[in-house]
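# Results of the structural survey
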Number of protein chains: 2
Amino acid sequence: MIHEILRPIIKPGDLVVDATLGNGFDTLFLAKAVGPQGKVIGFDIQECAIENVRRRLENEGLLERVSLIQDSHSNIDKYIFEPIGGAMFNLGYLPGGDKELITKPQSTVEALEKTSCLLSRGGFITILSYWGHAGGKDEKEAVEKFLSKLDNKIFLTAKFKFLNRSGNPPVIYLVQKL
Amino acid sequence: MIHEILRPIIKPGDLVVDATLGNGFDTLFLAKAVGPQGKVIGFDIQECAIENVRRRLENEGLLERVSLIQDSHSNIDKYIFEPIGGAMFNLGYLPGGDKELITKPQSTVEALEKTSCLLSRGGFITILSYWGHAGGKDEKEAVEKFLSKLDNKIFLTAKFKFLNRSGNPPVIYLVQKL
């Protein structure tokens, strides 16, 4: 669903960020969306994520449009110095990976803060928050608090949640720079 | 934004419903989306809404795809007996119209219940809820309660809200029949 929302927003040639590589599903989507003139920069602290995504991109012939960085997305300001068209975040743990290795409230909010400052006009941030694990609710609340306070003259922020699903269905947050 | 979500869902030839004609903005959108083989059925209790929308449709040459019914959308089951591809609701009062004439919790939920029963597989309901007026919060809560209880094996229901806008920004609800 997030891909459907983003497809008309991302322009060929854009510089965009996959803040949490995970299994590379979003990275592939972004690499296709920005086209041969575009660029994707992807972050993950886990080496296995970096390697998996590198392989997937190579298989699809898309690796040259993507830079993979093994570092926390909260250090995004050490790697990117120009405006970006958008960034995608998946919060929680790597599906199929180590459930102990989760994104944390403080670094997540720091990364969102730095990323929002990098956005070009019309640029977006999508945040898919899985929050059923220990600490997940705290992170979701920290993100929501941060987004609720973002200046509404500069950013539009919104929340999308399922109403009739049991358990802890993921929540989607959206940020767009006006 | 709702139009962007619906554009890929509505198919040429569909039968769809504008449950609250209002100023006809959605009616026009739906009439274009269903194409010359499609059909839109629009409800409004206010004669001025019916007349305004009729004129707009005539000007656009789209009137023959649309049936305008001056009755409450809660009587939808008296007019429609076949599956529909979707329905759009705008809750609150007619922008620029009489602020005393508002949709009410009981008839709104009744209309939503009947409309959900008419949905074909993959069909949708969108609900744009303005709730800043007296009674608006009660209606919003009644809608949310109804949607939260819809069987999740048959329907997906979701809520979209703005996080950093002051006042009482409109809320969007979505229903899709699985």
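Predicted model only: the values in this text are computed from it and were never measured.

### A word on the confidence of the model for chain A
Scored by pLDDT, chain A comes out at a mean of 93, with 97% of its residues at no less than 70. Listed scores for the predicted complex are pTM 0.87 and ipTM 0.84.

### What about the interface of chain B and chain A?
With 20 residues of chain B at the contact, the number on the chain A side is 20 residues. The contact between chain B and chain A buries some 1600 Å² in all, and 57% of this surface belongs to carbon and sulfur atoms. For chain B, the biggest contributors to the area lost against chain A are Lys159, Leu163 and Asn164 of chain B; these three give 42% of the whole. Inspection of the region where chain B meets chain A yields 0 salt bridges. Inspection of the region where chain B meets chain A yields 12 residue pairs in polar contact (both at pLDDT 80 or more). Those elements giving two or more residues to the side of chain B that touches chain A turn out to be α5 (136–149), β6 (155–162) and β7 (171–177) of chain B. The element that contributes the greatest number of residues to the side of chain B that touches chain A is β6 of chain B, accounting for 8 residues. Its residues placed into classes, the side of chain B that touches chain A shows 10 nonpolar, 5 polar and 5 charged.

### So, the pattern of salt bridges
Per the stated rule, a full pass over the model turns up 14 salt bridges over all chains. Salt-bridge contacts for Lys114 of chain A lead to Asp77 of chain A; the nearest nitrogen and oxygen are separated by 3.2 Å. Taken together, the positions of Lys114 of chain A in helix α4 (residues 105–118) and Asp77 of chain A in the loop between β3 (66–69) and β4 (84–91) put the pair 37 residues apart, joining distant regions of the chain. Glu51 of chain B serves as the salt-bridge partner of Arg54 of chain B, at 3.6 Å between the closest nitrogen and oxygen. Within this pair, Arg54 of chain B and its partner Glu51 of chain B are both found in helix α3 (residues 47–59), separated by 3 residues, close to a single helical turn. Taking the relative accessible area as the measure of exposure, Glu51 of chain B reaches 34% and is therefore partly exposed. Within this structure, Asp77, Glu110 and Lys114 of chain A form a network of salt bridges that share partners.

### Quick word on the relation of the copies chain B and chain A
Here chain B sits on chain A after a turn of 180° about the axis and a move of 0.0 Å along it, with an RMSD of 0.0 Å. A rotation of that kind, with that shift, is consistent with a two-fold axis. Rotation axis and chain B: the residue whose C-alpha lies nearest the axis is Phe160 of chain B, separated from it by 2.2 Å. When you check the interface residues of chain B against chain A, 100% turn up at the interface there too, and the contact is symmetric in its surfaces.

### Side note on the packing of aromatic side chains
Going through the model one piece at a time under the given rule, you end up with 4 aromatic pairs over all chains. Ring centres of Phe160 of chain A and Phe162 of chain A lie 5.7 Å apart, and the angle between their planes is 85°; on these two criteria the pair is classed as edge-to-face. The burial state of Phe160 of chain A is the same as that of Phe162 of chain A; both residues are buried. Ring centres of Phe43 of chain B and Tyr79 of chain B lie 5.6 Å apart, and the angle between their planes is 70°; on these two criteria the pair is classed as edge-to-face.

### Points about the pairing of β3 of chain A
Residues and elements named next belong to chain A. Bridge count for strand β2 (residues 39–43) against β3 is 4 bridges, and the pairing is parallel. Across the sheet, the residue bridging to Gly42 is Leu68, located in β3. Once you follow β2 into helix α3 (residues 47–60) and on to β3, the crossover reads as right-handed.

### Section: the nonpolar core
Within the largest apolar cluster, 50 residues are counted, with the highest numbers of intra-cluster contacts made by Leu57 of chain A together with Leu57 of chain B. Leaving out residues up to four positions away in the same chain, Leu57 of chain B has contacts with Thr27, Leu28, Ala31, Leu62, Leu63, Val66 and Leu68 of chain B.

Rules used in this analysis
- Residues numbered from 1 in each chain as written.
- Chains lettered and ligands numbered in written order.
- Predicted model: local features only at pLDDT ≥ 70, side-chain atom pairs only at ≥ 80, totals over all residues.
- Heavy atoms only, no water.
- pLDDT = per-residue confidence, 0-100.
- Contact = heavy atoms within 4.5 Å.
- Buried area = accessible area lost by both parts, 1.4 Å probe.
- Salt bridge = Lys/Arg side-chain N within 4 Å of Asp/Glu carboxyl O.
- Polar contact = N/O pair within 3.5 Å; in protein donor to acceptor, adjacent residues only side chain to side chain.
- Helix = DSSP H or I, 4+ residues; strand = E, 2+ residues; numbered from the N terminus.
- Nonpolar A, V, L, I, M, F, W, Y, C, P; charged D, E, K, R; others polar.
- Buried < 20%, exposed > 50% of the residue type's maximum accessible area, 1.4 Å probe, protein only.
- Least-squares fit on C-alpha atoms with pLDDT ≥ 70 in both.
- Phe/Tyr/Trp six-rings, centres within 6.5 Å; stacked < 30°, edge-to-face > 60°.
- Pairing = 2+ DSSP bridges.
- Right-handed = clockwise from strand over helix to strand, strands pointing away.
- Core = buried A, V, L, I, M, F, W, Y, C linked by side-chain atoms within 4.5 Å.

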